[in-house]
Amino acid sequence: MFKNLKIIFTYKNLILIIPLIFLSFAVDKFLKKMILIYFNINPNPVVLIPNFLNLQLVWNFGISFSLLENLPHTILIIISLLSLLLIIYLFNLLFDFNKKYIIISLCLLISGSLSNITDRINYAAVIDYISVSILGYSFPVFNLSDIFISISAMILFYDILQKNKIKEKEQEKWYNR
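The following paragraphs examine the structure supplied in this document. Fair warning: this is a prediction, and the values are worked out from it, not measured in the lab. (Residues numbered from 1 in each chain as written. Predicted model: local features only at pLDDT ≥ 70, side-chain atom pairs only at ≥ 80, totals over all residues. Heavy atoms only, no water.)

### What to know about a nonpolar patch on the surface
Step number 1: Taken together, the side chains of Leu23, Val27, Phe30, Leu31, Met34, Ile37 and Ile41 make up a nonpolar region of the molecular surface, amounting to roughly 660 Å² of accessible area.
Step number 2: Looking at where Ile37 falls in the secondary structure, it is placed in helix 1 (residues 2-41). (Patch = residues over 30% accessible without salt bridge, like charges linked within 9 Å, V, L, I, M, F, W, Y side chains within 5 Å. Areas by Shrake-Rupley, 256 points an atom, 1.4 Å probe, with all protein chains shown as cover. Salt bridge = Lys/Arg side-chain N within 4 Å of Asp/Glu carboxyl O. Helix = DSSP H or I, 4+ residues; strand = E, 2+ residues; numbered from the N terminus.)

### Observations regarding the pattern of salt bridges
For side chains bearing opposite charge, pairing can occur when the charged atoms are close.
Step number 1: Scanning the entire structure with this criterion turns up 3 salt bridges.
Step number 2: Residue Lys32 is joined to Asp28 by a salt bridge in which the shortest nitrogen-to-oxygen separation is 3.0 Å. Placement of the pair is Lys32 and Asp28 together in helix 1, with a separation of 4 residues, close to one helical turn. Asp28 carries the same exposure label as Lys32, and that label is buried.
Step number 3: One connected set of salt bridges, linked through shared partners, spans Asp28, Lys29, Lys32 and Asp119. (Buried < 20%, exposed > 50% of the residue type's maximum accessible area, 1.4 Å probe, protein only.)

### A few points about helix 3 (residues 100-123)
Step number 1: Taking 1.5 Å of rise per residue, the 24 residues of helix 3 would be expected to cover 34 Å, and the 34 Å separating its terminal C-alpha atoms lies within 8% of that figure.
Step number 2: Looking at the residues trailing helix 3, positive phi occurs at Ala124, about 65°. (Expected span 1.5 Å × (residues − 1).)

### Overview of the sheet that holds strand 1 (residues 46-49)
Step number 1: Strand order in the open sheet formed by 4 strands is 1-2-3-4, and the pairing between neighbours is antiparallel. Here the strands that pair on one side only, and so sit at the sheet edges, are strand 1 and strand 4 (137-138).
Step number 2: Taken together, the 2 bridges between strand 3 (residues 126-134) and strand 4 define a ladder with antiparallel strand orientation. Counted as the bridge partner of Ser133 is Ser138 from strand 4. (Pairing = 2+ DSSP bridges.)

### Thoughts on the side chain of Ser111
Step number 1: Inspection of the secondary structure puts Ser111 in helix 3.
Step number 2: A polar atom in the side chain of Ser111 sits 2.7 Å from the side chain of Ser24.
Step number 3: Those residues within four positions of Ser111 in sequence are excluded, and the remaining contacts are Ile21, Ser24, Phe25 and Phe148. (Polar contact = N/O pair within 3.5 Å; in protein donor to acceptor, adjacent residues only side chain to side chain. Contact = heavy atoms within 4.5 Å.)

### Here's the deal with the pairing of strand 3
Step number 1: Counting buried positions over the 9 residues of strand 3 gives 8, a clear majority of the element.
Step number 2: Pairing analysis gives 6 bridges linking strand 2 (residues 53-60) to strand 3, with the strands arranged antiparallel. Considered in strand 3, the bridge of Asn60 is made with Val126.
Step number 3: Taking the residues that link successive antiparallel strands as the turn, the strand 3-strand 4 hairpin has 2 residues, and the phi of Leu135 there is positive, at about 50°.

Laid out in structure tokens, this is it:
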């Protein structure tokens, strides 16, 4: 009986999972394509909010936020292949969760990772284009996929913290008997 419930729930999740992964992947790829077209014509940064937010094309030859950009290309390919294995694992995990925010978070993590991996496959680098400066400090240039990945990580971290709080309360009740 419970096995049938899981199958039904799995199909309900699939209705959310596939469109969300596809849509977020497509939006990121569309923006990257528009950035490439625009900056091919005009290479100058676009100021959206002075002293805060710019658009500029940066080829990221490293990993997230240009970290480790001096690594050999073969190491980055290995990291990309490991990322693909992680994506497959995460996709399988999606069907084990019933919290919508966890499902959405994993979908964004998968689509963001896939988008950056396909950039690396197509261009040997990731297309970054969002430049933020706060009080004179410039953050590494990033893209929408990086935002998806970062938000997903924060949501998953929050969920872990919530589970730990629940465990602590249960342990406290147990010890206070």
